[in-house]
Amino acid sequence: CLQVPELEKATVRIRQTERVRGIIRSLREQGVAKLQVISDFDMTLSRFGCNGKRCPTSHNILDTSRVISEDGKKKLKDLLHYYYPIEIDPNRTLEEKRPLMVEWWTKAHELLVQQKIHKDDIAQIVRESEAMLRDGFKEFFDQLHKNNIPLFIFSAGVGDILEEIIRQANVFYPNVNVVSNYMDFNDDGVLTHFKGPLIHTYNKNNSVLQGTGYFQQLSTRTSIILLGDSMGDLTMADGVPSVENILKIGFLNDKVEERRGKYLDSYDIVLESDETLDVVNGILRYILTE
C-alpha cells in the first residue's frame, strides 16, 4: 500500500484505485527531476467557500470592489447570471459553449476597461477582499519551491489579481509561472485593455499556449500532477510534449451528487467539498521522500 494516509480522507473518491496507485508509484520512481505541477487557480488553489459562505474568484474580487461603479457592478452581475448557467450546463456541448464564453469574457473585460481601474489600486483591492488560498497552501508552494518543481498556473481569471493573492500570501516563488488574462495599463497606470489571447474556461489548452514555449523548455518534465475544478481544466496539460505519467486531481466543490459521476469519469482522484490541499500535499510528500 502507498504511504499516503491522506487518501483515506472521507472527502476522497477514486474509481480505479489500482490504476491511481500505479500512477503515484510511477511519479515517485521517475523522481523529482521529471515532475511538474499544472494547476487551475480559482476554486482549485483558492478556496470555494469558508464557514458556509462563498469565497470570491479573481474576477469576483475585481467585480465587487470599490473601484467599480454601482452601474458597472450591476452589469457584471447580469452577465454572470446569464452566462454562468451556460458554462456549467451539462447538456450543452463544448462547441456550443466556447463562442458564448468568449462573448461573456469579452463583454466583462470591456466593462472593466470602462471603469478606468488604476494599477496602484490592485494590491489594496486584494487586501480588502475575502480571497483565501486553500488550507495547506504554504506547504504546497514551499515543497515545490524547495525541490525546484515548476508550478504552472493556467487561469481564466485575472492574472494581476491572482498574482497579487499569491504575493500577499508570501509564496510567489521563482518556480511559479502564470498564464492568465492580464490587464494592460497606460503610462498613467490606468487600465486600457486586456492583453490577448483571451483565456476562458473551455480553451485552456495548447491553442492559447502557442508561442509561449513554456512547456518546450520543460520537455524533460514528463511527470505531471494536474489540479482542476472543472471539465475545462482537463486539457491544461495538452501542450506538454511527451507525457509519461499524469495524475489528474479534481476538486468537486459544488452540486456534488449531480456531478460526481462525470468527475469520476474524468479525474483520477476527486475531492468532494474539501477546502484543503491535504491530499495533494500527502502525495507530494510521498513522491519527494527518499
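Every chain begins its residue count from 1, and numbering advances along the sequence as written. In keeping with the predicted nature of the model, local features appear solely for residues at pLDDT of at least 70, side-chain atom pairs appear and are counted solely at 80 or more, and the whole-chain, interface and lining totals rest on all residues. To obtain the side-chain values, all non-hydrogen atoms of the structure were used and water was disregarded.

The name given to the protein chain in an unreviewed UniProt entry is 5'-nucleotidase, with the source organism recorded as Rhabdornis inornatus. Entered under Subcellular location (unreviewed entry) in the UniProt record, the comment concerning the protein chain runs "Cytoplasm". UniProt positions are given in the numbering used here, feature names are shortened, and annotations may be inferred rather than shown by experiment. Quoted straight from UniProt, the Function (unreviewed entry) entry for the protein chain says "Specifically hydrolyzes 7-methylguanosine monophosphate (m(7)GMP) to 7-methylguanosine and inorganic phosphate. The specific activity for m(7)GMP may protect cells against undesired salvage of m(7)GMP and its incorporation into nucleic acids. Also has weak activity for CMP. UMP and purine nucleotides are poor substrates."

**Brief notes about helix α3 (residues 70-88)**
When the terminal C-alpha atoms of α3 are compared, their 27 Å separation across 19 residues agrees well with the 27 Å that a helix rising 1.5 Å per residue should span. Note that the bend at a residue is defined as the angle between axes fitted to the seven residues ending at it and the seven residues starting at it. The numbering of helices and of strands both runs from the N terminus, where a helix is a DSSP run of H or I of at least 4 residues and a strand a run of E of at least 2. Where α3 bends most, the angle comes to about 30°, and this point is Tyr-82, followed within four residues by the proline Pro-85. Listed in full, the buried residues belonging to α3 are Gly-72, Leu-76, Leu-79, Tyr-83, Ile-86 and Glu-87. Contact between two residues is taken to exist if any of their heavy atoms lie within 4.5 Å; hydrogens are not considered. Tucked inside the fold, the buried residues of α3 contact α2 (58-63) and α4 (94-114). The span you would expect from a helix comes to 1.5 Å times its residue count less one. Using a 1.4 Å probe on the protein chains alone, a residue whose accessible area is under 20% of its type maximum counts as buried, one over 50% counts as exposed, and one in between counts as partly exposed.

**A word on the packing of aromatic side chains**
We call Phe, Tyr and Trp rings a pair once their centres come within 6.5 Å, taking the six-membered ring for Trp, and we label the pair stacked below 30 degrees between planes, edge-to-face above 60, and tilted otherwise. In this structure the tally under the stated criterion is 9 aromatic pairs. Between the aromatic rings of Tyr-82 and Tyr-83, the centroid separation amounts to 4.7 Å while the plane-to-plane angle is 90°, which identifies the pairing as edge-to-face. Measuring from centroid to centroid gives 5.2 Å for Tyr-214 and Phe-215, while their planes differ by 70°, and the two rings are edge-to-face. As far as burial versus exposure is concerned, Tyr-214 and Phe-215 are alike and both buried. By way of ring pairs, the aromatic residues Tyr-82, Tyr-83, Trp-104 and Trp-105 are connected into one cluster. Charge-over-ring contacts are defined here by two conditions on Lys NZ or Arg CZ: a distance within 6 Å of the ring centre and an angle within 35 degrees of the ring normal. Geometry around Tyr-286 places Arg-28 over its ring, the cationic atom sitting 4.5 Å from the centre. Lying across the ring of Phe-251, Arg-134 places its NZ or CZ 4.0 Å from the centre.

**Things to note about the sheet that holds strand β10 (residues 245-252)**
The criterion for strand pairing is that DSSP finds at least two bridges linking the strands in question. The sheet built from 7 strands is open, its strands ordered β1-β11-β10-β9-β2-β5-β6 with mixed pairing. The sheet is open, and its two borders are formed by β1 (12-13) and β6 (176-181), each paired with just one other strand. Bridge count for strand β9 (residues 223-228) against β10 is 6 bridges, and the pairing is parallel. Paired with Gly-228 across the bridge in β10 is Gly-250. Axes here refer to lines fitted to C-alpha atoms; in helices the fit is confined to the stretch in contact. Angles between the N-to-C directions go from 0 to 180 degrees. Against the sheet, helix α1 (residues 17-30) makes contact with β2 (35-39), β9, β10 and β11 (269-272), and its axis sits at roughly 125° relative to β10, the strand it touches most.

**Describing the nonpolar core**
What makes a nonpolar core is a set of buried Ala, Val, Leu, Ile, Met, Phe, Trp, Tyr and Cys residues whose side-chain atoms join them at distances within 4.5 Å. In terms of nonpolar packing, the biggest core is built from 93 residues, with Phe-140, Ile-225 and Ile-283 touching the most fellow members. At 8 residues, α4 tops the list of elements feeding residues into this core. Excluding residues that lie within four positions of it along the chain, Phe-140 makes contacts with Val-37, Leu-45, Leu-151, Leu-227, Leu-277, Val-280, Asn-281 and Leu-284.

**Some words on the environment of Tyr-173**
Looking at the secondary structure, you find Tyr-173 in the loop between α7 (159-168) and β6. Residues Tyr-173 and Ala-108, spaced 65 residues apart in sequence, show a C-alpha to C-alpha distance of 30 Å. Beyond its immediate stretch of four places on either side in the chain, Tyr-173 contacts Lys-138, Phe-141, Asp-142 and His-145. The definition of a polar contact used here is a pair of N or O atoms within 3.5 Å, where within protein one atom must be able to donate a hydrogen and the other to accept one, and adjacent residues in sequence count solely through side-chain atom pairs. A distance of 2.4 Å separates a polar atom in the side chain of Tyr-173 from a polar atom in the side chain of Asp-142.

**Quick look at the environment of Arg-127**
Topologically, Arg-127 is positioned in helix α5 (residues 122-128). For Arg-127 and Ile-165, which are 38 residues apart along the polypeptide, the C-alpha to C-alpha distance reads 8.2 Å. A polar contact of 2.8 Å, which involves the side chain of Arg-127, links it to the side chain of Gln-124.

**Notes on the packing of α1 against helix α11 (residues 278-288)**
Contact geometry of α1 with α11 gives a least axis separation of 8 Å together with a crossing angle of 45°. With respect to α11, the axis of α1 lies oblique. When the axes of α1 and α11 are compared, the crossing they make is right-handed. The segment α1 lies against α11, with Ile-24, Arg-25, Leu-27 and Arg-28 engaging Ile-283, Tyr-286 and Ile-287. Polar here means any residue outside two lists: the nonpolar Ala, Val, Leu, Ile, Met, Phe, Trp, Tyr, Cys and Pro, and the charged Asp, Glu, Lys and Arg; Gly therefore counts as polar. Split into classes, the residues belonging to the contact of α1 with α11 amount to 5 nonpolar, no polar and 2 charged. Under this scheme an angle from 65 to 115 degrees is roughly perpendicular, one under 35 degrees roughly parallel, and one over 145 degrees roughly antiparallel; angles in between are oblique. In this scheme, a crossing is called left-handed if the near helix is turned counterclockwise away from the far one by less than a right angle; it is called right-handed if the turn is clockwise.

**Brief notes about the domain arrangement of the protein chain**
One can read the domain layout of the protein chain as domain 1 (5-50 + 132-288) and domain 2 (53-128). Distance from the C-alpha centre of domain 1 to the C-alpha centre of domain 2: 22 Å. Residue-level contacts link 35 residues of domain 1 with 30 residues of domain 2. In this assembly, domain 1 packs against domain 2 so that about 2900 Å² is buried in total across both faces, 67% of it on carbon and sulfur atoms. Salt bridge, as applied in this entry: a Lys or Arg side-chain nitrogen positioned within 4 Å of an Asp or Glu carboxyl oxygen. Counting every contact that joins domain 1 to domain 2 gives 0 salt bridges. Taken together, the links from domain 1 to domain 2 amount to 13 residue pairs in polar contact (both at pLDDT 80 or more). Elements with a minimum of two residues in the side of domain 1 that touches domain 2: β3 (49-50), β5 (151-158), α7, β7 (183-185), β8 (191-194) and α10 (256-266). Among the elements that line the side of domain 1 that touches domain 2, the one with the most residues is α7, at 6 residues. Residue classes in the side of domain 1 that touches domain 2 are distributed as 17 nonpolar, 9 polar and 9 charged. For the domains described, the bounds stem from an automatic or database domain assignment. Accessible area that two parts lose when put together, with a 1.4 Å probe and added across both, is what the buried area reports.

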